[in-house]
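Residue-level structure breakdown
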Amino acid sequence: MQSLTNTPTRYGWAMIVLHWLIGIIFIGQFVLGVVMVRIESQRTSFELIQLHKSFGFLLLGLIILRIAWRLGNAAPPLPAAVGTLERRTAPLAHFALYAFQIALPLSGWALVSVSTLEIPTMPFNLFVMPNLPLAESDASESFWASAHWYLAYAGIALVALHIAAALRHHFLLRDMVLTRMITPSSGRE
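Below is a summary of the structure that appears in this document. (Residues numbered from 1 in each chain as written. Predicted model: local features only at pLDDT ≥ 70, side-chain atom pairs only at ≥ 80, totals over all residues. Heavy atoms only, no water.)

Re the overall build of the protein
A count of helical and extended segments in the protein gives four helices and zero strands. Each helix (α) and strand (β) of the protein, taken in turn from the N terminus, gives the series α-α-α-α. Taken along the three principal axes of its C-alpha coordinates, the protein extends 55 × 35 × 30 Å. By residue count, 38% of the 189 residues in the protein fall in the buried class. Across the protein, contacts joining residues at least 24 apart in sequence account for 73% of those joining residues at least 6 apart. (Helix = DSSP H or I, 4+ residues; strand = E, 2+ residues; numbered from the N terminus. Buried < 20%, exposed > 50% of the residue type's maximum accessible area, 1.4 Å probe, protein only. Contact = heavy atoms within 4.5 Å.)

Things to note about the pattern of salt bridges
Pairing between side chains becomes possible if they bear opposite charge and their charged atoms approach one another. Per the stated rule, a full pass over the model turns up two salt bridges. Here R43 makes a salt bridge to E47, at a shortest N to O gap of 3.1 Å. Of this pair, R43 and E47 both sit in helix α2 (residues 42–72), four residues apart, roughly one helical turn. Residue classification places E47 among the partly exposed positions, given a relative accessible area of 43%. (Salt bridge = Lys/Arg side-chain N within 4 Å of Asp/Glu carboxyl O.)

Notes on the environment of N6
The topology assignment puts N6 in the segment before α1 (13–36). With a relative accessible area of 13%, N6 lands in the buried category. Measuring from C-alpha to C-alpha, the distance between N6 and P76 comes to 7.2 Å, with 70 residues separating the pair along the chain. Those residues within four positions of N6 in sequence are excluded, and the remaining contacts are Y11, G12, M15, N73, A74 and A75. Side-chain polar atoms of N6 contact the backbone oxygen of N73, separated by 3.4 Å. (Polar contact = N/O pair within 3.5 Å; in protein donor to acceptor, adjacent residues only side chain to side chain.)

A look at the packing of α1 against helix α4 (residues 138–172)
Viewed as axis vectors pointing N to C, α1 and α4 meet at an angle of 135°, and their least axial separation amounts to 11 Å. Viewed along their axes, α1 and α4 adopt a mutual orientation that is oblique. Between α1 and α4 lies a crossing of left-handed hand. On α4, the residues that touch H19, F26, I27, F30 and V34 of α1 are A152, Y153, G155, I156, V159, H162 and I163. Split by residue class, the contact of α1 with α4 holds nine nonpolar, three polar and no charged. (Axes fitted to C-alpha atoms, helices over the stretch in contact; angles between N-to-C directions. Parallel < 35°, antiparallel > 145°, perpendicular 65-115°, else oblique. Left-handed = near helix turned anticlockwise from the far one by under 90°. Nonpolar A, V, L, I, M, F, W, Y, C, P; charged D, E, K, R; others polar.)

Structural notes on α1
The terminal C-alpha atoms of α1, which comprises 24 residues, lie 33 Å apart, in line with the 34 Å expected from a rise of 1.5 Å per residue. All of the buried residues in α1 are A14, M15, I16, L18, H19, I22, I25, F26, Q29, L32, G33 and M36. Of the surrounding secondary structure, the elements contacted by the buried residues of α1 are α2, α3 (84–114) and α4. (Expected span 1.5 Å × (residues − 1).)

Brief notes about the packing of aromatic side chains
Per the counting criterion, the structure on display carries six aromatic pairs. Judged by centre distance (5.1 Å) and plane angle (85°), the rings of F55 and F124 are edge-to-face. Of this pair, F55 sits in helix α2 while F124 sits in the loop between α3 and α4; the two residues are 69 residues apart in sequence, bridging distant segments of the chain. Ring pairing ties together the aromatic residues F30, W149, Y150 and Y153, which thus form one cluster. (Phe/Tyr/Trp six-rings, centres within 6.5 Å; stacked < 30°, edge-to-face > 60°.)

Looking at unusual backbone geometry
The phi torsion of most residues other than glycine is negative, and most of the peptide bonds are trans. One non-glycine residue with positive phi stands out, namely E118, at about 55°. Assignment of secondary structure puts E118 in the loop between α3 and α4. Its identity is not glycine, yet F124 carries a phi of approximately 50°, on the positive side.

In structure tokens, the structure reads:
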């Protein structure tokens, strides 16, 4: 039987599902963000922006859930063959991924909160998300738009680095680092 929680050698179902769901949404959000600002149809662009905001709030909720789950479930250690430098940098890289995955949706929330257009945000058309208590102004909107843009590109670069490291472990080092995030623990390990 597969385990919901982590074991000393593998991740459990909860962490695997959260990892891949967050990864897909994060990459999808980047692609959607690039596309939505390049669409000529204002109506389509507006609808894509609303979808982008909806998935941004979903991403924020999922990453908070993932961090909470991670705090209660120790990650399996890296294989013994992993060098000292990587042992020291891997936790920093994971911390940076978490930080970007929180900062990016928060910067988007700040952006819509300070917008002088005052367009309500309705995640998946279910409810109106209140704005953050920030003053509306063109200058603030410009700042948060730039911050959101830079965070998005830095975040996607970090994700690309994370993917490259996982592929390096799988194809070059031939260890279990990637496999344990695909195949859940059995609970007996």
